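Results of the structural survey
Letter by letter, the chains look like this.
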Amino acid sequence: MAAHRILILGGTGDARTLAARLANGGHDVILSLAGRTAEPVAQGVPTISGGFGGAEGLARFVTEQGISLMVDATHPYAARMSRNAAEASARSGVPLVALRRPGWEQADGDRWTLVADPAAAADALGDRPRRVLLTLGRNDIAAFEAAPQHDYLIRSVDRVDPPLDLPRARYLLARGPFAGNDERALLEREHIDVVVSKNSGGAATYGKIAAARALGLPVIMIERPVLPDVPSAATVEALLPMIEHQLILAEKRGV
Ligand code: NAP
């Protein structure tokens, strides 16, 4: 098969893995990042950053760049980008497939409270002061300024600057993956009594969920957004043959 230009919408470890696999397979891969992380991990393929200017901008980009296929490999909570990708595909005719990592399921011993968004998570912490581990992105943590009675340990890849307007917040800079044992040690050392998390799925950030279960701690779990219905697979391995199939179809259409 001829080499094709593939645009991967990334920002996840899976996107990086997928990009490397497709590049090794001889494809011309462009990996796109939002540009939120100051020093992203080296991606190993040509990378662009900073967004396209909505669905219209993305449709223009894929047309101008002669892209044969788009892959949405963004984080499951990057709902705007996923919607834009679906709309750009419809506008441009460039096919789209998605890597949709399944969410974690509650296991015996888990004590999850499901909430719709970060504001609801802050509310669900209740009035009584608690010691909270927050592992959410920069855009999401501001909601916790509405609950200043708690003591927060906030873990993020980039420094939270400016810091939140909270009397008791400490910041921990770290980039996953996080091992279960280390997560358990962190929860114990910091006397955490509740974890707030997104349901990211996958192994890289599951350690804190398993550790909370082992320690009998509650987790306030922010539910996943609804994403557009596009052909998708749950793993890189399962997505690769779908991508090859789409490329054969694109070749037949002369894209
Ligand atoms: P979002 O709300 O869905 O997207 C907001 C805007 O950011 C999009 O409209 C787009 O700007 C730009 N954008 C997002 N992802 C992009 C990409 N891969 N390439 C180019 N532009 C992108 O996204 P978000 O929740 O802020 O997440 C930003 C990035 O961080 C995503 O790439 C995601 O995979 C990664 N991430 C997110 C989370 C999370 O919890 N949300 C967690 C881990 C990693 P334009 O409209 O200008 O194109």
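About the cut-offs
Sequence order as written defines the numbering, with residues in each chain counted from 1. The model is predicted, so local features are restricted to residues of pLDDT at least 70 and side-chain atom pairs to those at 80 or more, both for listing and for counting; the totals for chains, interfaces and linings are taken over all residues. Here the side-chain values reflect all heavy atoms present in the structure, with hydrogen atoms and water set aside. Each residue's exposure class comes from its accessible area (1.4 Å probe, protein chains only) as a fraction of the maximum for that residue type: buried when under 20%, exposed when over 50%, partly exposed otherwise. Only DSSP runs of H or I reaching four residues or more are called helices, and only runs of E reaching two or more are called strands; each is numbered from the N terminus. Contacts are residue-level and defined by heavy atoms, with any inter-residue pair within 4.5 Å sufficient. Each residue is tested against the molecule or strand, and it is near if at least one of its non-hydrogen atoms lies within 4 Å. Two N or O atoms form a polar contact when they lie within 3.5 Å of each other; inside protein one atom must be a possible hydrogen donor and the other a possible acceptor, and for residues adjacent in sequence the pair counts only when both atoms belong to side chains. What sets the accessible areas is the Shrake-Rupley method with a 1.4 Å probe; for residues, cover comes only from the shown protein chains. Any residue that is not Ala, Val, Leu, Ile, Met, Phe, Trp, Tyr, Cys, Pro, Asp, Glu, Lys or Arg is counted as polar, Gly included; the first ten are nonpolar and the last four charged. Strands are labelled as partners when DSSP assigns at least two bridges between them. An axis is simply a line fitted to the C-alpha atoms; with a helix, the fit covers only the stretch in contact. Between two such axes, the angle follows the N-to-C directions and lies from 0 to 180 degrees. An expected span of 1.5 Å times one less than the residue number is assigned to each helix. A crossover gets the label right-handed when its path from the first strand over the helix to the second runs clockwise, viewed with the strands pointing away from the viewer. In these notes the angle categories are as follows: under 35 degrees is roughly parallel, over 145 is roughly antiparallel, 65 to 115 is roughly perpendicular, and the rest is oblique. Whether a crossing is left-handed or right-handed is set by the direction in which the near helix is turned from the far one by less than a right angle, anticlockwise for left-handed and clockwise for right-handed.

Okay, helix 7 (residues 207-215) next. Residues of helix 7 that are buried: G207, K208, I209, A211 and A212. In this fold, the buried residues of helix 7 make contact with strand 6 (112-115), strand 8 (151-156), helix 6 (180-189), strand 10 (194-198) and strand 11 (219-222). Just beyond helix 7, the residue with positive phi is G216, at close to 70 degrees.

Close contacts around the ligand come from 21 residues, with G10, S32, F52, M81 and K198 the closest. Between the ligand and H75, the relevant distance is 2.8 Å, taken from an oxygen atom to a main-chain nitrogen or oxygen of the residue. At a separation of 3.0 Å, an oxygen atom of the ligand approaches a polar backbone atom of R80. Contact with the protein chains removes 80% of the 800 Å² of surface that the ligand exposes when unbound. Listed by contribution, the elements that provide at least two residues to the shell around the ligand are strand 2 (28-33) and helix 3 (79-92). Here the element with the most residues in the shell around the ligand is helix 3; it accounts for 4 residues. Split by residue class, the shell around the ligand holds 8 nonpolar, 10 polar and 3 charged.

Before going further, it helps to spend a moment on the sheet that holds strand 11. Two orientations exist for strands paired in a sheet by backbone hydrogen bonds: parallel and antiparallel. The strand order 6-11-10-7-8-9 describes an open sheet built from 6 strands, whose pairing is parallel. One side of each edge strand has no neighbouring strand; the edge strands of this open sheet are strand 6 and strand 9 (169-173). With direction set aside, neighbouring strand axes in the sheet form an average angle of 20 degrees. Direction of pairing for strand 8 relative to strand 9: parallel, over a ladder of 5 bridges. Its bridge partner being in strand 9, S156 is matched across the sheet by L173. The sheet contacts of helix 6 involve strand 7 (131-134), strand 8, strand 9 and strand 10, and relative to strand 8 the element is tilted by about 155 degrees. In the packing of helix 7 onto the sheet, contacts are made with strand 6, strand 8, strand 10 and strand 11, and the angle to strand 10 comes to roughly 150 degrees.

Taking 1.5 Å as the rise per residue, helix 3 with 14 residues should run 20 Å; its terminal C-alpha atoms sit 20 Å apart, in good agreement. Among all positions in helix 3, only A79, S82, N84, A85, A88 and S89 are buried. Looking at the buried side of helix 3, the elements it contacts are strand 1 (5-9), helix 2 (54-64), strand 4 (69-72) and strand 5 (96-99). The positive-phi residue at the C-terminal boundary of helix 3 is G93, with phi of around 80 degrees.

Turning our eyes to something else, we now look at the side chain of S197. Mapping S197 onto the fold places it in strand 10. With a relative accessible area of 0%, S197 lands in the buried category.

Here the focus is the pairing of strand 1. By the criterion of burial, strand 1 is predominantly enclosed, with 4 of the 5 residues buried. Note that strand 1 and strand 2 share 5 bridges and pair parallel. Within the sheet, the bridge partner assigned to I8 lies in strand 2 and is L31. Taken together, strand 1, helix 1 (residues 13-24) and strand 2 form a β-α-β motif whose crossover is right-handed. Pairing between strand 1 and strand 4: 4 bridges, direction parallel. Looking across to strand 4, one finds that I8 is bridged to V71.

Right, let's get into the sheet that holds strand 3 (residues 47-49). Overall, parallel pairing links the 6 strands, which are arranged 3-2-1-4-5-12 in an open sheet. The strands lining the two open edges of the sheet, one partner per strand, are strand 3 and strand 12 (232-233). Those strands touched by helix 2 are strand 1, strand 3 and strand 4, and its axis lies near 155 degrees from that of strand 1. Contacts between helix 8 (residues 236-253) and the sheet are confined to strand 1, strand 4, strand 5 and strand 12, with strand 5 contributing the most and set at about 175 degrees to the helix.

All right, on to the packing of helix 6 against helix 7 then. Viewed as axis vectors pointing N to C, helix 6 and helix 7 meet at an angle of 55 degrees, and their least axial separation amounts to 8 Å. With respect to helix 7, the element helix 6 is oriented oblique. Seen along the crossing, helix 6 lies across helix 7 with a hand that is right-handed. Together, G180, E183, R184, L187 and E188 of helix 6 and G207, K208, A211, A212, A214 and L215 of helix 7 make up the contact between the two elements.

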